[in-house]
Amino acid sequence: MNRTQAGAAFFPGRVPPVQIRKVGVVGLGTMGAGIAQVAAQSGFETVGREVSEDLCERARGTIEHYLSRAFEKGRMTSEERDAAVGRLTFTTELADLVGCDLVIEAIVEELEPKRETFAELDGLLAPEAILATNTSALRVGRIAEATEHPERVVGMHFFNPAPLLPLVEIVRTEHSSDEAVDAAYAWAEAAGKKPVRCNDTPGFIVNRVLIPVLNDCVRVLDEAGVTPEDLDKAMTNGVGWPMGPCELVDLVGIDIHIHASEALHEATGDERAAPPQRLREMASAGHLGRKTGRGFFEYS
């Protein structure tokens, strides 16, 4: 089944107004580089944008590294790896995203920079092009308000690491058109993902459930006198989690988890969503998890 057939088959009588052939990704940090890899690996011409040539080269190196690892592990052929690399281009100019049918934003998790980016993209791209944000904590509708065409704005929340985790939350705002939501969903399926739809509510699906639970797990460390090793052992062996909560927060990043917790707490008033003091102390000490070599655990 090709990409066009995938979209048409899933939505009988409702074919998306634009066939997505070219994808732009704005912001090439951990998530953005992973999303760009997903797009290129799935057969789409992909343009990645960063604010400097150095960051573009770092993203290129990261993507090529992980594509080579996939080849070494037998998940793709050398021809597939080389073809994916060949579909990638990098730029420091938003204007070079003209011609993209879908642009996914993955810049810093702050509202105003996202709104500025979307306002500029809205004036550059063709009217039928789709604008998506990978935000995990901000209201998509607040970002869409910065555009003159909020009907084409959706959320596409990938999970880290984007090339490996299949879930993508397709987030509909009150102004998102059916066509934009359907096209984003169909593209995610064509890219090998398992998309789900949800409304623009705090935390969407996964974070609305998971953040309070992870915060409860962190509180248990102090309240019950449990070590991170034993907590993770309990949750993996007793509940069947594939990864313990401490290891998961280390993977996400202590600072990222705190930011998402604060946003969810502010939006819902749920005290369980408020980040525990232990996490704030770890962040102040610079112990942010895997990316700094130390969080709940130490990493070489």
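Residues numbered from 1 in each chain as written. Predicted model: local features only at pLDDT ≥ 70, side-chain atom pairs only at ≥ 80, totals over all residues. Heavy atoms only, no water.

(A) A look at the layout of surface pockets. Roughly 350 Å³ of internal volume is contained in the second largest pocket. Surrounding the second largest pocket, 18 residues form its lining, Ala137, Leu138, Arg139, Ala263 and Glu266 being those nearest its centre. Elements with a minimum of two residues in the lining of the second largest pocket: helix 8 (206–223) and helix 11 (254–268). Of the residues forming the lining of the second largest pocket, the biggest block, seven residues, is contributed by helix 11. Of the residues assigned to the lining of the second largest pocket, the class counts are nine nonpolar, four polar and five charged. (1 Å grid on protein atoms, 1.4 Å probe; cavity = no way out; pocket = protein on both sides within 12 Å on 5 of 7 lines; lining within 4 Å. Points joined across faces, edges and corners; volume = space filled by probe spheres on them. Helix = DSSP H or I, 4+ residues; strand = E, 2+ residues; numbered from the N terminus. Nonpolar A, V, L, I, M, F, W, Y, C, P; charged D, E, K, R; others polar.)

(B) A look at the packing of helix 9 (residues 228–238) against helix 10 (residues 245–252). One can describe the packing of helix 9 onto helix 10 by two numbers: an axis separation of 7 Å at closest approach and a directional angle of 105°. By the angle between their axes, helix 9 is roughly perpendicular relative to helix 10. Residues Pro228, Leu231, Asp232 and Met235 of helix 9 lie in contact with helix 10, whose contacting residues are Pro245, Cys246 and Glu247. Classifying every residue of the contact of helix 9 with helix 10 by side-chain character gives five nonpolar, no polar and two charged. (Axes fitted to C-alpha atoms, helices over the stretch in contact; angles between N-to-C directions. Parallel < 35°, antiparallel > 145°, perpendicular 65-115°, else oblique. Contact = heavy atoms within 4.5 Å.)

(C) Representation of the packing of helix 8 against helix 10 in the model. Taken N-terminus to C-terminus, the directions of helix 8 and helix 10 make an angle of 120°; their axes are 10 Å apart at the nearest point. With respect to their mutual orientation, helix 8 and helix 10 come out oblique. The chirality of how helix 8 crosses helix 10 is left-handed. Only Pro245, Cys246, Leu248 and Val249 of helix 10 make contact with helix 8, whose side of the interface consists of Leu210, Leu214, Cys217 and Leu221. (Left-handed = near helix turned anticlockwise from the far one by under 90°.)

(D) Broad picture of helix 3 (residues 53–72). The first and last C-alpha atoms of helix 3 sit 28 Å apart over 20 residues, in line with the 28 Å expected at 1.5 Å per residue. Those residues of helix 3 lying buried are Cys56, Ala59, Ile63, Leu67 and Ala70. When helix 3 is viewed along its axis, its buried side chains cluster within an angular range of 65° and face the same direction. Turned more than 90 degrees away from the buried face of helix 3 sit Asp54, Arg58 and Glu72, all of them exposed. Against the buried residues of helix 3 lie helix 2 (30–41), helix 4 (78–86) and strand 3 (88–91). (Expected span 1.5 Å × (residues − 1). Buried < 20%, exposed > 50% of the residue type's maximum accessible area, 1.4 Å probe, protein only. Arc of directions from axis to C-beta.)

(E) Local environment of the confidence of the model for the protein. Across the protein, the average pLDDT comes to 93, with 94% of residues at or above 70. In the predicted structure, residues 1–16 sits below a pLDDT of 50 and forms 21 contacts with residues beyond four places in sequence or in another chain. (pLDDT = per-residue confidence, 0-100.)

(F) Fine view of unusual backbone geometry. The residue after Asn160, namely Pro161, is reached through a cis peptide bond having omega 0°. Structurally, Pro161 is set in the loop between strand 6 (153–158) and strand 7 (167–172). The backbone of Phe204 sits at a positive phi, close to 55°, despite the residue not being glycine. Secondary-structure assignment places Phe204 in the loop between strand 8 (194–199) and helix 8.

(G) Seen up close, the pairing of strand 7. When strand 6 meets strand 7, the two strands line up antiparallel, connected through four bridges. Looking at the pairing, Gly155 lines up with Val171 of strand 7. Examined bridge by bridge, strand 7 and strand 8 share six bridges and lie parallel to one another. What sits directly across from Glu169, in strand 8, is Val196. (Pairing = 2+ DSSP bridges.)

(H) Inspection of the pattern of salt bridges at higher detail. Inspection of the entire model under this criterion finds 19 salt bridges. Between Lys22 and Glu45 there is a salt bridge whose closest N-O contact spans 3.9 Å. Separated by 23 residues along the polypeptide, Lys22 in strand 1 (residues 22–26) and Glu45 in strand 2 (residues 45–49) bring together distant segments of the chain. What makes Glu45 partly exposed here is its relative accessible area of 42%. Residues Glu109 and Lys114 are paired through a salt bridge, measuring 3.3 Å at the closest nitrogen-oxygen approach. Of the two residues, Glu109 and Lys114, neither departs from the other in class, the shared state being buried. What emerges from the salt-bridge pattern is a single network uniting Glu112, Arg115, Arg142 and Glu145. (Salt bridge = Lys/Arg side-chain N within 4 Å of Asp/Glu carboxyl O.)

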